[in-house]
Amino acid sequence: MPYPEMMVAPMRQEMTAMGAQELRTVADVDAALGDQRGTTLVFVNSVCGCAAGNARPALRLALQHAAKPDHVVTVFAGQDLDATQRARQYFADYAPSSPSMALLRDGEVVHFVHRHQIEGQSPESIARNLTAAFDKHCGAGV
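Residue positions are given per chain, counting from 1 as you read along its sequence in written order. For this predicted model, a pLDDT threshold of at least 70 governs which residues receive local features, and a threshold of 80 or more governs which side-chain atom pairs are given and counted, while totals over whole chains, interfaces and linings are taken from all residues. Computation of side-chain values covers all heavy atoms of the structure but excludes hydrogens and water.

(A) Structural context of the packing of helix α2 (residues 26-33) against helix α4 (residues 81-89). Whenever a helix is involved, its axis is fitted only over the stretch in contact; in every case the axis is a line through C-alpha atoms, and angles between N-to-C directions fall within 0 to 180 degrees. We count a stretch as a helix when DSSP gives it H or I for four or more residues in a row; a strand needs E for two or more, and each element gets its number in order from the N terminus. Running from N to C, α2 and α4 point in directions that differ by 30°, and their axes come no closer than 8 Å. Taken as axis vectors, α2 and α4 run roughly parallel relative to one another. The handedness of the crossing between α2 and α4 is right-handed. Contacts from V26, V29 and D30 in α2 reach D82, A83, R86 and A87 in α4. All amino acids are sorted into three groups, where Ala, Val, Leu, Ile, Met, Phe, Trp, Tyr, Cys and Pro are nonpolar, Asp, Glu, Lys and Arg are charged, and the leftover types, Gly among them, are polar. Of the residues belonging to the contact of α2 with α4, the class tally is 4 nonpolar, no polar and 3 charged. Working definition: roughly parallel below 35 degrees, roughly antiparallel above 145 degrees, roughly perpendicular at 65 to 115 degrees, and oblique for all remaining angles. Note: crossing handedness is left-handed where the near helix turns anticlockwise from the far helix by less than a right angle, and right-handed where it turns clockwise. Here a residue-residue contact requires only that any non-hydrogen atoms of the pair lie within 4.5 Å.

Laid out in structure tokens, this is it:
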């Protein structure tokens, strides 16, 4: 059963404020990821403490980096169940994890951050992980 919308609304707003596009339906996910060219970061949002204290702040820091994905999208695990399940099909080689982040280039996963790589890490450490992936896979000359 999904979490109440009023509980997750601030967490959704945090993501959209940093420029992420919300994908709330299967159709939204397929439109955003189906034939995507370039780089897309998919953030699987969550109500857990490591999403609030580590993952979302890390993404905010990483998105200030010079190299960054062409697109940033988000699905909300525990809320938008069908959209989350569909998004996970695009990175099915990786175990479901909330929160998590998948960096896709031309539809292929090139970097993945699991929950176990988020828990117990500082936002700065996670952001360094992301920006290293951004440097490798995003921006001019890649």
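(B) Representation of α4. The classification of residues rests on relative accessible area computed with a 1.4 Å probe and restricted to protein chains. Under 20% of the type maximum is buried, over 50% is exposed, and intermediate values are partly exposed. For α4, the full list of buried residues reads A83, T84 and A87. Seen from one end, α4 has its buried residues packed into an arc of 100°, which puts them on one side. Across α4 from its buried face, at more than 90 degrees, point the exposed residues D82 and Q85. Where α4 is buried, its residues contact α2, β2 (39-45) and β3 (71-76). Regarding the arc, it is the one traced by the directions from the helix axis to the C-beta atoms.

(C) Here's a closer look at the pairing of strand β4 (residues 100-105). Buried residues dominate β4, accounting for 5 of its 6 residues. Two strands qualify as a pair provided DSSP detects at least 2 bridges between them. Here β2 runs beside β4; their pairing, made up of 6 bridges, is antiparallel. Bridge pairing links T39 to R105 in β4. Taken together, the 5 bridges between β4 and strand β5 (residues 108-113) define a ladder with antiparallel strand orientation. Of the residues in β5, the one forming a bridge with L104 is V109.

(D) Local environment of the sheet that holds β4. A sheet is described by the order of its strands in space; here 5 strands give the open sequence β1-β3-β2-β4-β5, paired in mixed fashion. Each having just a single partner strand, β1 (21-22) and β5 make up the two edges of the open sheet. Here β1 pairs with β3 via 2 bridges, running parallel. Each bridged residue has a counterpart across the sheet, and for Q21 the counterpart in β3 is V73. Packing against the sheet, helix α3 (residues 49-62) makes contact with β2, β3 and β4, and its axis sits at approximately 165° to β2. Relative to β4, helix α5 (residues 123-137) is tilted by about 5°, and along the sheet it contacts β2, β4 and β5.

(E) View of the state of the cysteines. Disulfides are defined in this document as cysteine sulfur pairs within 2.5 Å. For the structure shown, the criterion picks out 0 disulfides. Cysteine C50 shares no disulfide, and the gap to the nearest cysteine sulfur, in C48, comes to 3.2 Å. Residue C50 is classed as buried on the basis of its relative accessible area of 10%.

(F) Layout of the pairing of β2. Across the 7 residues of β2, 7 count as buried, placing the element largely inside the fold. Of the two faces of β2, the one lined by T39, L41, F43 and N45 and the one lined by T40, V42 and V44 are each fully buried. Looking down the strands as they point away from you, a crossover is right-handed if its path from the first strand over the helix to the second goes clockwise. Between the parallel pair β2 and β3, the chain is carried across by α3, and the sense of this crossover is right-handed.

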